[in-house]
Amino acid sequence: MPVLAIVMLLFTWGRDLPGAVVALVTVILAGAVLAAVHHAEVVAHRVGEPFGSLVLAVAVTIIEVALIVTLMADGGDKSSTLARDTVFAAVMITCNGIVGLSLLVASLRHGTAVFNPEGTGAALATVATLATLSLVLPTFTTSKPGPEFSGVQLTFAAISSLVLYGLFVATQTVRHRDYFLPITRQGEVITVEEHAGVPSARTALVSLGLLGLALIGVVGLAKGVSPTIESGVEAADLPHAVVGVIIALLVLLPETIAALRSARRDRVQTSLNLALGSAMASIGLTIPAVALASIWLSGPLVLGLGSTHMVLLALTVVVSSLTVVPGRATPLQGGVHLVVFAAYLELAINP
């Protein structure tokens with residue numbers, strides 16, 4: 001399926017697609033998403049947590065960043081807010097959509113959802129800091145008119161993003177790895193999964209390569225069907241920002257499915273690692289990439305959020321903090337996150 005997705009991508013890239021081809025691309029896109037989840041789980045089972053969720057989050061984000069820079073290079077008036085809109089959509093989808101669904105599924109299936117508050121709290125604090133420095137401050141700075149950073153401010157934001165993301169990865173994988181491992185209902189860390197044998201190194205490497213192909217196919221095919229999505233959005237008389245939300249939902253499907261499968265197995269910490277890790281990688285890698293790209297790209301780079309989105313971001317941070325502190329959650333917490341996500345979607349459709 002990953003190879004088929006790449007072949008389809010080569011044949012459809014940059015072309016206007018008729019309805020029948022769009023339907024075929026959509027089917028292959030769905031297959032590529034499922035293939036990406038499968039190969040990510042193979043790699044995760046080989047290297048163990050939290051490395052597995054980190055591999056999937058970083059792989060998707062790197063390809064997503066490449067897509068953003070490519071679209072920005074195409075120019076156009078709408079490209080100035082592309083990075084901001086994509087990053088904010090990723091934060092809302094991961095921190096409210098994926099987290100809410102994971103908590104709801106795990107708590108309904110197992111009574112309560114249990115996770116490690118130390119690791120989850122550290123991840124949430126990093127996401128909140130990155131989002132504030134990169135998406136909120138530009139609205140209030142005065143060195144440059146509009147919600148934009150000056151050159152020095154953008155450089156600081158890019159370096160800060162890389163430093164914070166690097167510190168988090170070091171904490172997650174080296175210094176305090178046990179904070180990010182799934183736990184039992186008695187609070188004991190689960191270091192070894194017993195449901196299947198560990199795949200060989202060769203199998204893991206093959207899956208890693210196929211994971212990369214599948215993710216390239218997912219992002220590329222999502223871009224390929226975006227003109228059809230745009231036409232549908234315009235026909236429905238919806239704001240153009242809805243297109244970005246739909247594309248972000250497609251790109252983040254692998255993480256969503258992987259997180260829900262982990263939640264069903266009562267591995268909520270893995271689900272939260274995927275969600276918050278994706279949000280963190282989205283900001284921590286996108287901002288430095290667009291800062292570097294702005295050297296040769298013409299036109300403004302708008303990063304500051306509007307007042308409505310800042311309210312949603314603040315609400316997300318507050319609600320997430322209250323969810324994380326106890327280390328366990330009921331269906332109520334999952335429902336609260338999903339309502340915040342629904343509010344984001346509703347305001348995207350009807351601002």
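Structure first, text after, so check above.
Criteria and cut-off values
- Residues numbered from 1 in each chain as written.
- Predicted model: local features only at pLDDT ≥ 70, side-chain atom pairs only at ≥ 80, totals over all residues.
- Heavy atoms only, no water.
- Helix = DSSP H or I, 4+ residues; strand = E, 2+ residues; numbered from the N terminus.
- Rg over C-alpha atoms; globule rule 2.2 N^0.38 Å.
- Buried < 20%, exposed > 50% of the residue type's maximum accessible area, 1.4 Å probe, protein only.
- Contact = heavy atoms within 4.5 Å.
- Areas by Shrake-Rupley, 256 points an atom, 1.4 Å probe, with all protein chains shown as cover.
- Lys, Arg positive; Asp, Glu negative; His and termini not counted.
- Charge placed at Lys NZ, Arg CZ, Asp CG, Glu CD.
- Axes fitted to C-alpha atoms, helices over the stretch in contact; angles between N-to-C directions.
- Parallel < 35°, antiparallel > 145°, perpendicular 65-115°, else oblique.
- Left-handed = near helix turned anticlockwise from the far one by under 90°.
- Nonpolar A, V, L, I, M, F, W, Y, C, P; charged D, E, K, R; others polar.
- Core = buried A, V, L, I, M, F, W, Y, C linked by side-chain atoms within 4.5 Å.

Caption draft 1: Quick peek at the overall build of the chain. Across its full length, the chain holds 12 helices and two strands. When the helices and strands of the chain are placed in sequence order, the string is α-α-α-α-β-α-α-α-α-α-α-α-β-α. What you see for the chain is a C-alpha radius of gyration of 20 Å, in line with the 20 Å of a compact globule of 351 residues. Expressed along its principal axes, the backbone C-alpha trace of the chain runs to roughly 55 × 45 × 35 Å. In the chain, which comprises 351 residues, the share counted as buried stands at 50%. A sequence separation of at least 24 residues applies to 82% of the contacts in the chain between residues at least 6 apart. Here the chain has roughly 15400 Å² of accessible surface; of this, 68% comes from carbon and sulfur atoms. Taken together, the 16 basic and 19 acidic charged side chains of the chain have centroids lying 8 Å from each other.

Caption draft 2: Structural context of the packing of helix 4 (residues 82-110) against helix 9 (residues 253-264). At their nearest, the axes of helix 4 and helix 9 sit 8 Å apart, and the two run at 20° to each other. Classified by the angle their axes make, helix 4 and helix 9 are roughly parallel. At the point where helix 4 passes helix 9, the crossing takes the right-handed sense. Contacts between helix 4 and helix 9 pair Ile98, Leu101, Ser102, Val105, Ala106, Arg109 and His110 from the former with Glu255, Thr256, Ala259, Leu260, Ala263 and Arg264 from the latter. A per-class count over the contact of helix 4 with helix 9 returns seven nonpolar, three polar and three charged.

Caption draft 3: Geometry of the nonpolar core. Among the nonpolar cores identified, the biggest contains 59 residues, and Phe88, Leu313 and Tyr344 are the most heavily contacted of them. Among the elements that line this core, the one with the most residues is helix 4, at 13 residues. Core analysis: the next-biggest nonpolar cluster, separate from the first, contains 22 residues, Ile28, Val33, Val233 and Val251 among them.

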